[in-house]
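Remarks on the overall topology
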Amino acid sequence: MKTRMLIFFICCAFIINAQTQKKVHPNLNGITCKTCHSCDIPTKENPCVIPCPREKMVSIDQSPEEGPLVLTIDKFKKQTDIYAPVIFSHRLHAEMSGMSGGCKMCHHYNPPGQVIGCSDCHELIRKRTDVSKPDLKGAYHRQCMECHRTWSGKVECESCHTINGKKQETDSKTLIAKSEKRIHPKIIAPTILKFNTPKATGKVVTFYHSQHVDLFGLECQSCHTNESCVKCHAKDKTALLKAKTTEQKHAVCSSCHNTKQNCSSCHFNSVQEGFNHAVKTGFDISKFHGKISCSTCHTEKGKFTGLNSECINCHGKWTQENFQHKVTGVILDETHQALECTDCHQEKNYSKPICSSCHEDKSFPKNVPGKLIKKNG
Amino acid sequence: MVNQSRRDFLKTAALAGTAVTGLSSKTKAAPKNILSEDRMGVLVDTTVCIGCRKCEWACKTAHNLETPSIEVYDDRSVFQTMRRPNSKSLTVVNEYKNSVEEKFPINVKVQCMHCDHPACVSACIVGAFSKEENGSVIWDTDKCIGCRYCMVACPFQVPAFEFESALKPDIKKCDFCFERTKEGKLPACTEICPVEAVTYGQREDLVKAAHQKIKNYPDRYINRVFGEYEVGGTSWIYLASKEFEKLDFPKLGKDPAPGVSEAIQHGIFAYFVPPVALYALLGGVMWINKNKKKSENEEI
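These numbers were taken from a predicted model, which means no experiment stands behind them. (Residues numbered from 1 in each chain as written. Chains lettered and ligands numbered in written order. Predicted model: local features only at pLDDT ≥ 70, side-chain atom pairs only at ≥ 80, totals over all residues. Heavy atoms only, no water.)

**Topic: the overall build of chain B**
Within chain B, the secondary structure is distributed over nine helices and nine strands. Within chain B, buried positions represent 45% of all 300 residues. Restricting the contact set of chain B to residue pairs at least 6 apart, pairs at least 24 apart contribute 59%. Counting every atom, chain B has about 17,100 Å² of accessible surface; 58% of that belongs to carbon and sulfur. (Helix = DSSP H or I, 4+ residues; strand = E, 2+ residues; numbered from the N terminus. Buried < 20%, exposed > 50% of the residue type's maximum accessible area, 1.4 Å probe, protein only. Contact = heavy atoms within 4.5 Å. Areas by Shrake-Rupley, 256 points an atom, 1.4 Å probe, with all protein chains shown as cover.)

**Focus on the overall build of chain A**
Along its length, chain A carries 14 helices and seven strands. Per-residue burial over chain A gives 20% buried out of 377 residues. The long-range fraction of contacts in chain A, counting pairs at least 24 apart against all pairs at least 6 apart in sequence, stands at 54%. When the accessible surface of chain A is totalled, it reaches about 28,000 Å², and 58% of it is carbon and sulfur.

**Digging into a nonpolar patch on the surface**
Residue and element names in this part refer to chain B. Among the surface-exposed residues, Ile125, Ile145 and Tyr149 lie close enough to one another that they form a single nonpolar patch of about 310 Å² accessible area. Within the element layout of this structure, Ile145 appears in the loop between β5 (137-139) and α4 (149-153). For Ile145, a relative accessible area of 53% gives the class exposed. (Patch = residues over 30% accessible without salt bridge, like charges linked within 9 Å, V, L, I, M, F, W, Y side chains within 5 Å. Salt bridge = Lys/Arg side-chain N within 4 Å of Asp/Glu carboxyl O.)

**Concerning the state of the cysteines**
Counted by the stated rule, this structure contains one disulfide over all chains. Here Cys39(A) is linked by a disulfide to Cys48(A), with a sulfur-sulfur distance of 1.9 Å. Handedness of the Cys39(A)-Cys48(A) disulfide follows from its S-S torsion of about -70 degrees: it is left-handed. Note on Cys154(B): no disulfide assigned, nearest cysteine sulfur contributed by Cys115(B) at a separation of 6.3 Å. The cysteine Cys174(B) is free of any disulfide, with Cys112(B) supplying the nearest cysteine sulfur at 5.5 Å. (Disulfide = S-S within 2.5 Å.)

**A short note on the side chain of Asn98(B)**
Residue and element names in this part refer to chain B. By the element assignment, Asn98 lies in the loop between β2 (92-96) and β3 (106-110). In terms of polar contacts, Asn98 uses its side chain to reach the backbone amide nitrogen of Val100, at 3.1 Å. A distance of 3.5 Å separates a polar side-chain atom of Asn98 from the backbone nitrogen of Glu101. Each residue touching Asn98, except ones within four places of it in the same chain, is listed here: Phe104, Pro105 and Ile106. (Polar contact = N/O pair within 3.5 Å; in protein donor to acceptor, adjacent residues only side chain to side chain.)

**Thoughts on the interface of chain A and chain B**
Between chain A and chain B, the contact holds 29 residues from the first and 34 residues from the second. Between chain A and chain B the total buried area reaches about 2,500 Å² when both faces are included, carbon and sulfur atoms providing 56% of it. At the boundary of chain A with chain B, the tally comes to two salt bridges. Between Glu196(B) and Arg126(A) there is a salt bridge whose closest N-O contact spans 3.6 Å. (Buried area = accessible area lost by both parts, 1.4 Å probe.)

**Considerations on the pattern of salt bridges**
Side-chain pairing between opposite charges can occur once the charged atoms of the two side chains come close. According to the stated counting rule, one finds 19 salt bridges over all chains in the structure shown. A salt bridge links Arg53(B) to Glu56(B); the shortest N-O distance between them is 3.4 Å. Across the pair, exposure class does not vary: Arg53(B) and Glu56(B) are buried alike. The salt bridge partner of Arg76(B) is Glu95(B), with a shortest N-O separation of 2.8 Å. Note that Arg76(B) is positioned in the loop between α2 (54-62) and β2 and Glu95(B) in strand β2, a separation of 19 residues in sequence. Each of the salt bridges in this network shares a partner with another, and the network as a whole consists of Arg126(A), Arg128(A), Asp135(A) and Glu196(B).

**Considerations on the sheet that holds strand β5 (residues 267-268) of chain A**
Residues and elements named next belong to chain A. Taken together, the three strands give an open sheet; going across it, the order is β3-β4-β5, and neighbouring strands pair in antiparallel fashion. Each edge of the open sheet is held by one strand with a lone partner, namely β3 (192-196) and β5. Sheet topology places strand β4 (residues 204-208) next to β5; two bridges connect them, and they run antiparallel. When the bridges of β5 are listed, Val204 appears paired with Phe268. (Pairing = 2+ DSSP bridges.)

**A closer look at the nonpolar core**
All names here are of chain B. Core analysis: the biggest nonpolar cluster contains 41 residues, and Phe156, Trp236 and Tyr238 have the highest contact counts within it. For this core, the secondary-structure elements that each account for two or more residues are β1 (40-45), β2, β3, β8 (198-202) and β9 (236-239). Tallying contributions element by element places β1 first for this core, with three residues. Apart from the residues within four sequence positions on either side, Phe156 is in contact with Arg84, Met113, Cys115, Phe226, Val231, Thr234, Pro250 and Leu252. (Core = buried A, V, L, I, M, F, W, Y, C linked by side-chain atoms within 4.5 Å.)

**Structural notes on α2(B)**
Residue and element names in this part refer to chain B. Counting buried positions over the nine residues of α2 gives seven, a clear majority of the element. Every buried residue of α2 is accounted for by Lys54, Cys55, Glu56, Trp57, Ala58, Cys59 and Lys60. Among the structural elements, β2, β3 and α6 (188-192) are those in contact with the buried residues of α2. Looking at the residues trailing α2, positive phi occurs at Asn64, about 55 degrees.

**Re the sheet that holds β1(B)**
Residue and element names in this part refer to chain B. Taking strand neighbours across the sheet as the criterion, the three strands line up as β8-β1-β9 in an open arrangement whose pairing is mixed. Edge positions in the open sheet fall to β8 and β9, since each of these has one partner strand only. Ignoring which end each strand starts from, the neighbouring axes of this sheet average 25 degrees apart. As judged from the four bridges shared by β1 and β9, these two strands associate in the parallel manner. Note on β9: the bridge partner recorded for Val44 is Tyr238. (Axes fitted to C-alpha atoms, helices over the stretch in contact; angles between N-to-C directions.)

**Focus on the environment of Lys168(B)**
Residue and element names in this part refer to chain B. Assignment of secondary structure puts Lys168 in the loop between β6 (160-161) and β7 (171-172). The spacing of Lys168 and Gly146 is 22 residues in sequence and 9.3 Å in space, taken between C-alpha atoms. Not counting residues within four places of it along the chain, the set of residues in contact with Lys168 comprises Thr141 and Glu162.

**Here's the deal with the pairing of β3(B)**
All names here are of chain B. Taking burial as the measure, the five residues of β3 include five buried ones, the bulk of the element. With burial as the criterion, each face of β3 is covered, one bearing Ile106, Val108 and Val110 and the other bearing Asn107 and Lys109. Note: β2 against β3, five bridges, orientation antiparallel. Counterpart to Asn94 in the pairing with β3 is Val108.

**Considerations on the confidence of the model for chain B**
The predicted model of chain B has a mean per-residue pLDDT of 86, with 84% of residues at 70 or higher. With pLDDT under 50 throughout, residues 15-31 of chain B is counted as low confidence; its partners more than four residues away or in other chains account for one contact. (pLDDT = per-residue confidence, 0-100.)

**Remarks on unusual backbone geometry**
Residue and element names in this part refer to chain B. A positive phi angle is found at Phe176, which is not glycine, with a value near 60 degrees. Looking at the secondary structure, you find Phe176 in the loop between β7 and α5 (178-182). A positive phi is found at Asp248, a non-glycine position, where the angle reads about 65 degrees.

**So, the packing of aromatic side chains**
Residue and element names in this part refer to chain B. In the structure shown here, the tally under the stated rule is 10 aromatic pairs over all chains. Ring geometry for Phe156 against Phe226: centres 6.3 Å apart, planes inclined by 75 degrees, an arrangement best described as edge-to-face. Of this pair, Phe156 sits in the loop between α4 and β6 while Phe226 sits in the loop between α7 (203-216) and β9, and the two are 70 residues apart along the sequence. Judged on exposure class, the residue Phe156 and its partner Phe226 are both buried. Measuring from centroid to centroid gives 5.8 Å for Phe176 and Tyr200, while their planes differ by 85 degrees, and the two rings are edge-to-face. Here Phe176, found in the loop between β7 and α5, pairs with Tyr200, found in strand β8; they are 24 residues apart in sequence, far enough to count as distant. Both residues of the pair, Phe176 and Tyr200, count as buried. One aromatic cluster is present, built from ring pairs that chain together Phe156, Phe226, Tyr238, Phe244 and Phe249. Residue placement shows Arg148 over the ring face of Phe161; its charged tip is 4.9 Å from the ring centre. Positioned above the aromatic ring of Tyr229 is the side chain of Lys254, whose terminal nitrogen or guanidinium carbon lies 4.9 Å from the ring centre. (Phe/Tyr/Trp six-rings, centres within 6.5 Å; stacked < 30°, edge-to-face > 60°. Lys NZ or Arg CZ within 6 Å of the ring centre and 35° of its normal.)

Put into structure tokens, the structure is as follows:
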């Protein structure tokens, strides 16, 4: 009896724990509790959070509109009298970060749930015992300077700070109002790009940008690394246009594609159709496999060839338990439910069934072994 | 009684002398120079430093040295020449080219490293220098006789001399803001640094943090913490993205710097060799002279 009670309580504890976990962290995308917590059951009193910087970066994503518009950073009012508080156009910066990683560019190690501010982790007082992460002042400046230095190469404080007592052209109120109006136009990803290359045969490379994002699941910064503001806003664009070597030109592609061989897989003489699994491989994935990412089946990294297209290769043997026949659009009647899959589907890809082994006069789709329904999605 | 007279110095010297001869095999350093386990230090991350030179301004202000206003330090043209700390600037920041990312040059702050086994303490013949419990290496201006042995002994060539002051020249170097830290304040440079490229803390924690940084960002840092072992360890330790020797850090071994100078000094002065040798020499001269006179007399 005692052991039963104990098991019951443990089960209860786990259920409650699982529920609170969902409440605190609604979407745990591929991370486990152990990524951030050192103990088995973290509580509010003892969250046992592993100190930053943790080995795995965890963050969240929000649209810029969800965050604050303008922030006045006046946390150091008591500590320094040299500079006035900084007016930070948060929305504008969130919009700008769109292509370089979004929120996580600044809100690194942010637990799933809500976005937390810098001061929740970085200490306000510089004299402290935990020296593993910078204090708040250091953290702010490190984030800002990383990008701002690429603009001018200079570090003048007065580009963000106003010196106390020095006469200013605009007061803080008008500065806030001005910052509120500043927005960065939405970054629109192109669908298709056509590159004219100097190659004699295979002049044209057709690049389906949208497919790389939607179908292959690449994030902006997986290709657009070190994307700085200057790339679009440079006053002097000549540096960007300077001649690149063949290797530099292929650098972005070669992180996934082998650009040293098989030129003809990308270089054609005319604009090409986008990637179509059915056309390219003979295996139509649009029916059942359209929504899963490439890597679910093509598990070997960077290798997308040579998969056996027989169902059994990934799914094992189909049985009543692991296969719901209604996904095909046909609910089997009781007689047919009792049969083995292979009794009707003799082909290895389980395509069209054969009725003639039992019924001489019947055939699919003229006759249906059950009820025909409309397929979901 | 701050000012120590010559007589006082001789008294303490005599006392110390008797103490040393009495306990020569047991104590080698004055009690002040014990290395504390909780000693403080600073971790300088040269990959974080942006070369704003605010530390230079804060240092001068904290030490009552002449300085222009803070905005003047935005001028980056000073980086065209390599600078060294001197009697008027106890810390300086230099700039080096970054071959990987041209837009982010490497800035290196230079000041006294506050060695764990300081050569200056060992070389100082009047015992003006000391390694304090909090890690700082400081000196007593009133004891200093201006021999400048510390300048020669320092493996980092840090102590500077006020050559321009004819009447009362003084040794000048970073004192780890000894007076400020005594009051519970941070060293001036570590307080002002906008990016916290200089982190003040217990040396032990800083060494750990430095190695954690290298582990977390192996592409950002080379796998070496300068000052962890160099010349027996220093209170100020450095992280960098490329070899320290390319950033004008001296090439140093792991043995404490005083090891060399002390071996020579102690070797010469062991068992009262110099006075004995001197008197032996004088005696020898006398004896020769006496003999000479004798033979001269005999000749006459």
